[in-house]
Amino acid sequence: MTRDDLRTFRALDIDFDSIGLEPNAGTVPYFCTPVDAEEVGSIGCDGIQFVLLPGDEAVYCVDPSMGGIGTYVLPVGSDLREFLSFVLYCHDANPLSQIYFLSEERFQTFAADEAEARESGELEELFKAKDAALEKIAEVFGIAPIEPYARVKALQEAFDPSVLNFSDEYYDTLGIERE
């Protein structure tokens with residue numbers, strides 16, 4: 001189901017950049033991008049991208065800039081529809097990339113910051129594009145916004161990063177032995 005949903009998602013005529021899911025931004029994998037990862041989208045900054053892994057329905061965030069051993073790749077949705085429901089709630093994918101190191105209070109403040117920016121009237125075109133993209137996603141997938149913090153934290157706490165398959169570059173970059 002997730003791979004079919006990804007094809008549908010990619011075919012949408014929306015401004016992916018406006019919601020932090022820029023297509024093909026991570027076409028060159030980073031040292032910590034798992035082998036055979038399939039990109040969902042990228043926030044377009046610091047190499048942060050969202051991917052699917054072979055044989056897995058979950059959506060993962062790859063974060064080469066803020067991550068560390070065990071946190072470079074973490075789940076942010078049990079499947080693409082759940083992930084997109086979280087994007088609807090946040091109005092962007094970027095906050096999902098930061099849940100692992102934010103307290104719930106800081107995460108909620110981050111969401112409030114966007115609401116404040118929207119009310120300021122600045123970046124009106126960006127918010128129009130965002131709204132159009134989010135409305136189209138909700139319509140096509142029949143989903144609604146879901147508050148992500150507790151669910152994503154639970155996914156991340158239950159996740160065993162030893163299942164990830166990294167390239168030799170990962171081990172060479174970090175100076176660690178392949179197990």
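Above this text sits the structure in question.
Residues numbered from 1 in each chain as written. Predicted model: local features only at pLDDT ≥ 70, side-chain atom pairs only at ≥ 80, totals over all residues. Heavy atoms only, no water.

**Q** What am I meant to see in empty space enclosed by the protein here?
**A** To find leftover empty space, a probe the size of one water molecule is rolled over the atoms. By the definition in use, this model includes one cavity of 30 Å³ or more. Within this model, the largest cavity holds a volume of roughly 40 Å³. Tallied by class, the residues present in the lining of the largest cavity amount to five nonpolar, three polar and one charged. (1 Å grid on protein atoms, 1.4 Å probe; cavity = no way out; pocket = protein on both sides within 12 Å on 5 of 7 lines; lining within 4 Å. Points joined across faces, edges and corners; volume = space filled by probe spheres on them. Nonpolar A, V, L, I, M, F, W, Y, C, P; charged D, E, K, R; others polar.)

**Q** So what exactly am I meant to see when it comes to the packing of aromatic side chains here?
**A** The relation between two aromatic rings is expressed through the spacing of the ring centres and the mutual angle of the planes. One pass over the structure, following the stated rule, counts ten aromatic pairs. On the basis of an interplanar angle of 80° and a centroid distance of 5.1 Å, the ring pair of Phe9 and Phe16 is categorised as edge-to-face. Taken together, a centroid distance of 6.3 Å and an interplanar angle of 20° make the contact between Phe31 and Tyr170 stacked. Of this pair, Phe31 sits in the loop between helix H1 (2-11) and strand E1 (38-42) while Tyr170 sits in helix H7 (residues 168-174); the two residues are 139 residues apart in sequence, bridging distant segments of the chain. Here Phe31 matches Tyr170 in class, with each residue buried. Among the aromatic residues, ring-to-ring pairing joins Phe31, Tyr72, Phe166, Tyr170 and Tyr171 into one connected group. (Phe/Tyr/Trp six-rings, centres within 6.5 Å; stacked < 30°, edge-to-face > 60°. Helix = DSSP H or I, 4+ residues; strand = E, 2+ residues; numbered from the N terminus. Buried < 20%, exposed > 50% of the residue type's maximum accessible area, 1.4 Å probe, protein only.)

**Q** Quick question: what am I supposed to make of the pattern of salt bridges here?
**A** A side chain of one charge can pair with a side chain of the opposite charge when the charged atoms of the two come close. Here the structure, examined in full by the defined rule, presents 13 salt bridges. As a salt-bridge pair, Arg3 and Glu38 come within 3.1 Å of each other at their nearest N and O atoms. Here Arg3, found in helix H1, pairs with Glu38, found in strand E1; they are 35 residues apart in sequence, far enough to count as distant. Where Arg106 meets Asp113, a salt bridge forms, and the shortest distance between an N and an O atom there is 3.9 Å. On the accessibility criterion, Arg106 (37% relative accessible area) is partly exposed. A single salt-bridge network, built from bridges that share partners, covers Asp92, Glu114, Arg118, Lys130 and Asp131. (Salt bridge = Lys/Arg side-chain N within 4 Å of Asp/Glu carboxyl O.)

**Q** Whenever I open this one, the sheet that holds strand E3 (residues 59-62) confuses me. Can you help?
**A** In a beta sheet, neighbouring strands are held together by backbone hydrogen bonds and run either parallel or antiparallel to one another. Sheet architecture is open: four strands sit in the order E1-E2-E3-E4, paired in antiparallel fashion. Because the sheet does not close on itself, it has two edges, and the strands there are E1 and strand E4 (73-77). On average, each strand axis in the sheet is tilted by 35° relative to the strand beside it, whichever way the strands run. Here four bridges tie strand E2 (residues 49-52) to E3, and the two strands are oriented antiparallel to one another. Among the inter-strand pairings, Leu52 is bridged to a residue of E3, identified as Val59. Packed onto the sheet, helix H2 (residues 80-90) meets E1, E2, E3 and E4 and runs at close to 80° relative to E4. (Pairing = 2+ DSSP bridges. Axes fitted to C-alpha atoms, helices over the stretch in contact; angles between N-to-C directions. Contact = heavy atoms within 4.5 Å.)

**Q** Would you explain helix H5 (residues 124-141) in this entry?
**A** For an α-helix, 3.6 residues make a turn, and residues three or four places apart therefore share a direction. For H5, built from 18 residues, the straight-helix expectation of 26 Å at 1.5 Å per residue is met to within 8% by its first-to-last C-alpha distance of 26 Å. The set of residues buried in H5 consists of Phe127, Lys130, Ala133, Leu134, Ile137 and Phe141. All buried residues of H5 lie within an arc of 130° about the axis, which places them on one face of the element. Facing away from the buried surface of H5 by more than 90 degrees, the exposed residues are Glu125, Glu135 and Glu139. (Expected span 1.5 Å × (residues − 1). Arc of directions from axis to C-beta.)

**Q** Is there a simple way to explain H2 in this structure?
**A** In terms of burial, H2 is largely enclosed, as nine of its eleven residues are buried. Of all the residues in H2, the buried ones are Leu80, Glu82, Phe83, Leu84, Ser85, Phe86, Val87, Leu88 and Cys90. Capping of H2 at its N-terminal end is provided by Asp79; its side-chain oxygen lies 3.2 Å from the backbone amide nitrogen of Arg81. In the stretch just after H2, His91 is the one whose phi turns positive, near 65°. (Polar contact = N/O pair within 3.5 Å; in protein donor to acceptor, adjacent residues only side chain to side chain.)

In short, the description is geometric, and any link to function would need to be established separately.
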